[in-house]
Amino acid sequence: MLRSALFVLGLALRRLGRGTGATGLVVIGIALGAAAVVGVRAGTTVAQDRAVAQAVERIPEGSRSVRAVWFGVPGQSDDLQPALDARARSALRRAGALESHALVLFRETTIAGDFAGLGGVEGLARWVELRSGRLPGACRPERCEVLRLRGDGRLPAPPGLRLVEVGEAALASNVLFGDFLAPTDNALADAEVSPVVAAAAGYHRPAPPPLFLAEGVAMLAGAPALARLYRSYAWVAPLEAGTPRLWEIDDLAGGVTQARSELQARTTSFDLIAPVEELRSAQAESRRAGNRLALVGGEAAVLLFAFAILAAMTLRRDLRAARRRLAWSGARGWQLGLLTATETGLIALAGTMLGFALGLAGGALVAERAGAPVGDVLAKSILSGTGLLLVGLVAIAATAVLVATVASMPLRLGRAPVTPLDLAAIAAALLVVFSLRRGDDDSGLVLLLPGLVTFAAAVAIARLLRPVLRVAERLTHRGSHGGLRLGLRLAVLSLGRNPGYAVAATSFLVVSFGLALFAETYRATLSAGERDGAAYAVPRDFVVRQELRRLIPVLDAAPLGRLRALGPGVDVDPILRLTGGVGRQEGESGITLLGLPPSSVGLLRWRSDFGSRSPEALGAAIEAPDGDGSVRLGIDTRELVVRTSGDEVRFAAELRTVSGRFLRLDLGLTGTGTLRAVLPREARAGWLVGFAIEPATRLQERGADAGQAVSGRFRVLTPALEDWIGVGGARLENGAVSYTLTDQIATRLRPRVPSDREPVPVLATPRLAAAADSAGLLPLQIAGERVTVRVAERIARFPGVNGQAVVGDVGALLSLLNAERPGAARVDELWIGAADDTVAARLARELERKPYDVLRVVSRRALEAEARQDPIAHGTLLALAISALVALGLALAGILLTVLGDLRDERGELFDLEAEGAAPRLLRRVIRLRALTVTLAGLLAGALTGLALGAVVTDLVALTARATAAEPPLRLDVDWTIVGVALAVYTVAAGALVIAATRDAFPNDGAPGRVEAIE
Amino acid sequence: MTALVDVRDVFRVHPSAEGGVAALQGLTLSVREGEVCVVLGPSGSGKSTLVRIVAGFDRPSAGSVRVAGLDIASLSAGGAARYRSELLGYADQHYWRALAGELTARQLIGVQLGLAGASAASRDERAAELLERVGLGDRANSRPRELSGGEQQRVALCAALAHRPRLLVADEPTGELDSATARDILGLVAELVREHGTTALVVSHDPATVEVADRVVHVRDGRVSDERILGAGADDAVVVGRGGWLRLPEELLRQAGISGRATVSLDVDRLVVAAPASEEACVVTTQASADPRSEAVLAPLSVETTRALLEARDLTRRFDELTPIDRFSASFVGGRLYAVTGPSGSGKTTLLHLLAGLDLPDAGEVTLDGVSSTSHDRAGRAELRRTRLAFIGQTAGLVPFLGARENVELSLAVRGVELEDARHRAAEALASVGLAEQGERPVAELSAGQRERAAIARAVAARPRAIVADEPTARLDGANALVVGLLFAELARTTGAVVVCATHDPLLIEQADEVVSLG
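As the structure is a prediction and not an experimental result, all values here were calculated from the model.

## Brief notes about the overall build of chain B
- The helix and strand tally for chain B stands at 17 helices and 22 strands.
- When burial is assessed residue by residue, chain B has 57% of its 519 residues classed as buried.
- Total accessible area computed for chain B in this model is approximately 20,400 Å², and 47% of it derives from carbon and sulfur atoms.

## Notes on the overall build of chain A
- When helices and strands are tallied, chain A shows 28 helices and 31 strands.
- Within chain A, contacts between residues at least 6 apart in sequence are counted, and of these 79% link residues at least 24 apart.
- Surface accessibility of chain A: about 43,700 Å² in total, with carbon and sulfur atoms responsible for 57%.

## Focus: the state of the cysteines
All names here are of chain A.
- Tallying each qualifying case throughout the model produces 1 disulfide over all chains.
- Across the disulfide, C139 is cross-linked to C144 (sulfur-sulfur distance 2.0 Å). Since a negative S-S torsion denotes a left-handed disulfide, the C139-C144 link at about -110° is left-handed.
- Take C139: its relative accessible area is 6%, and that puts it in the buried class.
- The exposure class of C144 is buried, given its relative accessible area of 0%.

## Examining the sheet that holds strand β22 (residues 514-517) of chain B
Residues and elements named next belong to chain B.
- Taken together, the 5 strands give an open sheet; going across it, the order is β19-β20-β21-β16-β22, and neighbouring strands pair in parallel fashion. If you trace the sheet from one side to the other, it starts and ends with β19 (389-392) and β22, each paired once. Adjacent strand axes in the sheet meet at a mean angle of 15° when their direction is disregarded.
- Inspection of the sheet shows β19 paired to strand β20 (residues 466-470) by 4 bridges, in the parallel sense. Bridge assignment links I392 to a residue of β20, and that residue is A469.
- Strands in contact with helix α12 (residues 378-388) are β19 and β20; relative to β19, the strand with the most contacts, it is inclined by about 95°.

## Thoughts on the pattern of salt bridges
- If you walk through the whole model with that rule in mind, you get 67 salt bridges over all chains.
- Among the ionic pairs, B:R425 bridges to B:D421, the shortest N-O distance being 3.3 Å. Within this pair, B:R425 and its partner B:D421 are both found in helix α14 (residues 419-432), separated by 4 residues, close to a single helical turn.
- Relative accessible area serves as the criterion here: at 11%, B:R425 is assigned to the buried category.
- Taken together, the shared-partner salt bridges in this structure form one network comprising A:D532, A:R605, A:R607, A:D609 and A:R971.

## Brief notes about the interface of chain A and chain B
- Contacts between the two partners involve 52 residues from chain A and, on the opposite side, 67 residues from chain B.
- At the junction of chain A and chain B, the tally comes to 5 salt bridges.
- For the salt bridge of B:R378 with A:E914, the shortest nitrogen-to-oxygen distance reads 2.7 Å.
- Only α1 (2-17), α7 (276-328), α12 (449-477), α13 (483-497), α26 (907-915) and α27 (920-956) of chain A provide two or more residues apiece to the side of chain A that touches chain B.
- When residues of the side of chain A that touches chain B are assigned to their parent elements, the largest contribution, 7 residues, is made by α1(A).
- Among the residues forming the side of chain A that touches chain B, the class breakdown is 23 nonpolar, 12 polar and 17 charged.

## Focus on the environment of A:L603
All names here are of chain A.
- For L603, the position within the fold is in the loop between α17 (598-601) and α18 (615-621).
- Judged by its relative accessible area of 46%, L603 is partly exposed.
- For the pair L603 and R540, spaced 63 residues apart in the sequence, the C-alpha separation amounts to 7.7 Å.
- Residue contacts for L603: discarding those within four places in its chain leaves R540 and D571.

## Section: α12(B)
- Buried within α12(B) are the following residues: B:R378, B:G380, B:R381, B:A382, B:L384, B:R385 and B:R386.
- The inward-facing, buried residues of α12(B) abut α26 and α27 of chain A together with β17 (363-368), β18 (371-372), β19 and α13 (404-414) of chain B.

## Some details on the pairing of strand β14 (residues 308-319) of chain B
Residues and elements named next belong to chain B.
- Within β14, 9 of the 12 residues are buried, leaving the element largely enclosed by the surrounding structure.
- In this sheet, strand β15 (residues 322-333) lies alongside β14 in antiparallel orientation, the contact comprising 7 bridges. Across the sheet, residue R317 finds its bridge partner in β15, namely I325.
- In this sheet, β17 lies alongside β14 in antiparallel orientation, the contact comprising 5 bridges.

## Here's the deal with the packing of aromatic side chains
- Overall, the coordinates contain 14 aromatic pairs over all chains when judged by the stated rule.
- Their ring planes at 15° and their centres at 3.6 Å tell us that A:W328 and B:Y90 sit as a pair that is stacked. You can see A:W328 sitting in helix α7 and its partner B:Y90 sitting in strand β6 (residues 88-91), one on each of two chains. As far as burial versus exposure is concerned, A:W328 and B:Y90 are alike and both buried.

## Details of the packing of helix α6 (residues 120-133) of chain B against helix α7 (residues 149-161) of chain B
Residues and elements named next belong to chain B.
- Direction vectors running N to C along α6 and α7 enclose 135°, while the axes themselves pass 10 Å from each other. Looking at the two axes, α6 sits oblique to α7. Considering only the axes of α6 and α7, their crossing is right-handed. Counting all contacts with α6, which are made through R126, L130 and L131, the residues of α7 involved are V155, C158 and L161.

## Points about the nonpolar core
- Core analysis: the biggest nonpolar cluster contains 81 residues, and A:L449, A:L490, A:L509 and A:Y986 have the highest contact counts within it.
- Setting aside chain neighbours within four positions, we find A:L509 in contact with A:G514, A:A891, A:I895, A:V934, A:T935, A:G938 and A:Y986.
- Counting residues in hydrophobic clusters, the runner-up holds 67 residues, among them A:V26, A:A308, A:L319 and B:A118.

## A look at the sheet that holds strand β9 (residues 270-273) of chain A
All names here are of chain A.
- Pairing in this open sheet of 9 strands is mixed, and the strands run β4-β6-β5-β7-β3-β2-β8-β1-β9 from one edge to the other. At either end of the open sheet lies a strand with only one pairing partner, and these are β4 (128-133) and β9. When strand polarity is set aside, the average angle formed by the axes of neighbouring strands in this sheet is 30°.
- In terms of strand pairing, strand β1 (residues 65-72) meets strand β8 (residues 231-238) through 8 bridges, oriented antiparallel. Looking at β8, one finds that V69 is bridged to A234.
- Contacting β1, β2 (101-111), β8 and β9, helix α3 (residues 81-94) runs over the sheet at an angle of about 30° to β8.

## Thoughts on helix α6 (residues 249-266) of chain A
All names here are of chain A.
- Between the first and last C-alpha of α6 there are 26 Å, a value that for 18 residues agrees with the 26 Å anticipated at 1.5 Å per step.
- The set of residues buried in α6 consists of I249, L252, A253, G255, V256, A259 and L263. Summarising the axial view, the buried residues of α6 lie within an arc of 165°, below the 170-degree limit, and thus occupy one face. Exposed residues pointing more than 90 degrees away from the buried face of α6 are listed as D251 and A265.

## A few points about the confidence of the model for chain B
- When pLDDT is averaged along chain B, the result is 80, and 85% of the positions lie at 70 or above.
- A low-confidence stretch, residues 279-297 of chain B (pLDDT under 50), is modelled with 30 contacts involving residues beyond four sequence positions or located in other chains.

## Some points on the environment of A:I426
- With respect to the helices and strands, A:I426 occurs in helix α11 (residues 420-438).
- Residues A:I426 and A:F455 lie 29 residues apart in sequence; the distance between their C-alpha atoms is 9.7 Å.

## Quick notes on a nonpolar patch on the surface
All names here are of chain A.
- Taken together, L13, L346, L349 and M353 make up a surface patch of nonpolar side chains, about 340 Å² in accessible area.
- The greatest single-element share of the nonpolar patch, amounting to 3 residues, is contributed by helix α8 (residues 333-369).
- Its location among the elements puts L349 in helix α8.

## As for the packing of α13(B) against α14(B)
Residues and elements named next belong to chain B.
- Between α13 and α14, the shortest axis-to-axis distance is 9 Å and the interhelical angle comes to 125°. Classified by the interaxial angle, the pair formed by α13 and α14 is oblique. Where α13 crosses over α14, the handedness of that crossing is right-handed. In this structure, α13 contributes A404, R405, V408, E409 and L412 to the contact, and α14 contributes A422, R423, R425, A426 and L430.
- Looking at side-chain class alone, the contact of α13 with α14 contains 6 nonpolar, no polar and 4 charged residues.

## Some details on the environment of B:D377
- Note on placement: B:D377 falls in the loop between β18 and α12.
- Of note is the side chain of B:D377, whose polar atom sits 2.7 Å from the backbone nitrogen of B:G380.

Calculation notes
- Residues numbered from 1 in each chain as written.
- Chains lettered and ligands numbered in written order.
- Predicted model: local features only at pLDDT ≥ 70, side-chain atom pairs only at ≥ 80, totals over all residues.
- Heavy atoms only, no water.
- Helix = DSSP H or I, 4+ residues; strand = E, 2+ residues; numbered from the N terminus.
- Buried < 20%, exposed > 50% of the residue type's maximum accessible area, 1.4 Å probe, protein only.
- Areas by Shrake-Rupley, 256 points an atom, 1.4 Å probe, with all protein chains shown as cover.
- Contact = heavy atoms within 4.5 Å.
- Disulfide = S-S within 2.5 Å.
- Pairing = 2+ DSSP bridges.
- Axes fitted to C-alpha atoms, helices over the stretch in contact; angles between N-to-C directions.
- Salt bridge = Lys/Arg side-chain N within 4 Å of Asp/Glu carboxyl O.
- Nonpolar A, V, L, I, M, F, W, Y, C, P; charged D, E, K, R; others polar.
- Phe/Tyr/Trp six-rings, centres within 6.5 Å; stacked < 30°, edge-to-face > 60°.
- Parallel < 35°, antiparallel > 145°, perpendicular 65-115°, else oblique.
- Left-handed = near helix turned anticlockwise from the far one by under 90°.
- Core = buried A, V, L, I, M, F, W, Y, C linked by side-chain atoms within 4.5 Å.
- Expected span 1.5 Å × (residues − 1).
- Arc of directions from axis to C-beta.
- pLDDT = per-residue confidence, 0-100.
- Patch = residues over 30% accessible without salt bridge, like charges linked within 9 Å, V, L, I, M, F, W, Y side chains within 5 Å.
- Polar contact = N/O pair within 3.5 Å; in protein donor to acceptor, adjacent residues only side chain to side chain.

Below, the structure written as structure tokens:
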């Protein structure tokens, strides 16, 4: 048994040893496929590593470290600082941080009667920027030199520790102190803040005490004068740029947990802080990025394996002949199986090993180009256990595919022959359906989608080709036989009669065209997705909002007039953005109310899936009158005078300044005759927008105690409140006001606004639209007020808004909301359009300068550029483009193999035709038209496959090119220009190739048609 | 001696669109141990099916097959492989296909032993012994491509006998050899099997194979038509099938003057078969629905029927070491049917290809209707064929899923005939071969005889000056072969075209006006 098995192995080796071109092609195909798999594994690791590095960069500087901290007073602890220091450094080393920096901080404490902050840092020079003086020397009791970081307070003078100020400095970074020090503690962070914020900060918090830093920790920590002071010790190991690497996160997280346990086992005063959650999140995010690349790589691998299968078709005849010979010689089934498995296995193994080497080299190149450590990347990807297992699986899969290709025999289900490939294709189709039904983009199945879909399609076309060709033959049969028509009919007949290699070639073309189109379509979809995403986030060329750290109102820093004066081609839209809820819908909170000029809707980048109507039509649908009926105050008006009579209530004017801010001006009590109040400066030339009516104080107290409303009436004699109304319990008729006041509802007199007559029309997203009543009226809770709008159109989504939203005319919405409560709504965002790139560039420069630099400016072009430069997006798009090109190249090779295969396999049929009198020209035409038919069939089926695959992948893998969630969702996009050009180039190249391959196929110089046997 | 091979009442029906084609129809055959049994029969007579069944690759639909007491039909796949490994040796007609190109002669001979687990030394020893025996001792390390055809077949024989099988099955062992080499190989087969005490079942359509036989069995239509034991004291025997079915040797029928009908009478204990009194009135009836001549609507050619329409002058065609056509000259006159005969390898097909302009001679000239085809280029020769010649190959070359009419029309389209004219001519030609009723049926659904007639109709419709046909009756049963022979003869006489057929078939040869023997 063993000897006969060895004999078969020897036979297999001898057969392989003779080496044929087809074997070489198969090996190359598998090698390239394996290289794609292996290379993509390395590339995925690099991409994930880059993604993690980017995520680490996004972690605030103050948190970007592993930090052991201890809080307390030495007297309450058994351990002194040196012991704590040793323990903390040991724990940090366990967490992987070999180098750490110690510090001590007495934060805002009274030291020898002076309120101050005092700290000591190891290697202070690295962490501060000197502004004056010099760096301090090592701290000694007799002279402990310090730097002043902030404040004007006195330097404390504790007994036994002589502090000496030697200069002023600012912290160079927040890494060391993290959140021990607030931003405002650092002189460097004394940036411009809104006066409102500055005032608020000043009100709530006194000026911070001075802060001094000394060189070294031990002396301050052990100073007897400070022994009873509460202090913080910290040992900080910064996460340097590029660390931790992707593969170090798990170890770091584990080490941090262990180290924390170790520290807290001794005392709960210790803690260990590291941005583990952020890193875990980055790791998870990077996995999605990696999966995307794996998807692309999987596609390339499928393509190359398909090419290997095509080439393997040429091995089939030879291997079957060998099996037949051995069967006649009495070879047992297992011997035949051993021969097949050995040959295919060795071919697959050779291809896989070659591919492994190529992939290793490619992975090293990619890692090197990406600036990642080559050795680590390879060790953690290709050479890891999983990587090697993957290579093994590739070899096994390649063997299985080769065996199925060269040795599988059809089974019979009833009268229909079914091959293992058919069964595998059915299984693949079922898997795709399962995947679609499940809709789970985290499933590993998604990564196999290109392979599954194209495989099922390829087998389907192989099965359908013959009947389709029969139908085609029937169509070409009609009418008279011209030269081309006859050639076409003969070609179709010949294919229908003996599809042979053409079936394999067509299937391969389905795979290659399908994957090429998929790759290009997916690339175009991702590119469009990036553009759509940028246009969705920044609906015009720029969006200007408040900077949250400064809270300077947008219109304060960038009045519309000033912006519009920046030059021609600049178009500024005031935007109202508020959040709220829906009155009658449970749980529907957090909706966005967006107001914008209706005319600007048509200027947005609009997609048909946003709404069924055109943006222009939608803009027209929300147009509404926006007058608020307010009374303009003259430029010279310095005083507001109101004459009233009747009951006493507190009466206050509500004013709007020219800058859009709202003010309240207390006029006093009604019923006392003339009420006067001096207009604040900023209210001059503004507008009177209403009067507030409140109970007089005593009444309010009494009313509140009694829990009863207060009613009464008074009269406003001047100004004449024509077309004004009372709201919230007030009634106004010809200047006579009757009222009922409570603490719950604001009672006001205000001008009538258009929305009093007709609700403001809005666009609403589906869930909000569904909440409207039959008349389309939708009550909203916005800015604490209840307003009602009318849903004019339903939209799926709107640029600039995530989630459920209503969108209306900014003027009308401002009127509506401010009529309910002055100051409830104001423009706090601007969308700026630029006529062209030049204007946009100029505008971008302007917006970086004062006074706009205190605002948050987001540029659509900058977002697009950022997307283009993102390494993952760039890598993904590049990989897809390369995949498409490779697929087209292999499709060309497939056509060439088809023609050569036809010339070889169809000799008998061509001989018959020649015997009938067909001239060489006709024979060439037949072969060429066969190739054309195969190409067209492959193109059509490939196009369908590619588009279907693109749609499925786009639907399931709803990630942008940067592997982030897509907003708006990705939509299949076909760049017809590129597809058309590629098709044209392919057609020309394929035509040239076919013509070249057939030009000398039937030489006119007297060569015989066919003489195989001599009889 | 006991029977090593015992085949009884074997039927083998292959499924087809029509419901089944019977390759064997009650074949009974017995081969004694040590005997050399030659099974003769034309192509399509069931020989290959018999070989596959005896080798355990195929199972009979009915009947029993026993070899050395083993019921072959009931063997499992593993059992059949073991049987082939231990009892059977096989030599194929296509020796080049049977020999793996990557192995040397020595290795090839050792394959079956190696599969059985023999050591390398014993394999080499056995190979050396056999190679020495067949005179190839010095070619042990040669690969097949380095050997001549005869040498390759010798190696193949050695490989088949290396494991000392009890039964050697040889399928057309001389099919692709020249006649001299074929005689050598046949002699070698007989010597080797007798030396080894091996029983041999040699399948062939070459009558020369009979020279080495102990027993000759003629097979036709899947049945044994004639069985004789040769040698001293052996009686000629004719097999009586179940139900009294009797197939008389064609040679005897000819000698007795029986062609269509016969009278059968009992003379005491002897059955007397004689020609009927009015034999002249006898009409040949065949499986075809009617005598095709009765439907013939053949357009006569306006040619002088005594003129040579096809001429070969001093034709020579060489293939490497072989020269199957060597200074061959012949004139083929219009209105006559020519049978080109000769043993396998004598160059029949090569000559036909040369005559049809499908191959070019190394020397000499072919003229068709007075035009030298050899002076034309490939396109010119194609033009000549389109307008003046029809070629019918061994395989009809019909599109199986098209009807006969469409096949004929397609051929005419290739010849540049307008569609309307083609329709008319196709109908006429199909009627002339008795397929008027079958024109719309896909060719795949036609019987073998009908397919051959469709191919002839395709040739007829072209109204050629010459028809060149290669083994047109190879896959036909006797009745259909006779019909085709008659049809060609009628065609030649009616249209004035010359018809040249390469054939082994005596039924076709019988109809020929002239026989051209090669080899």
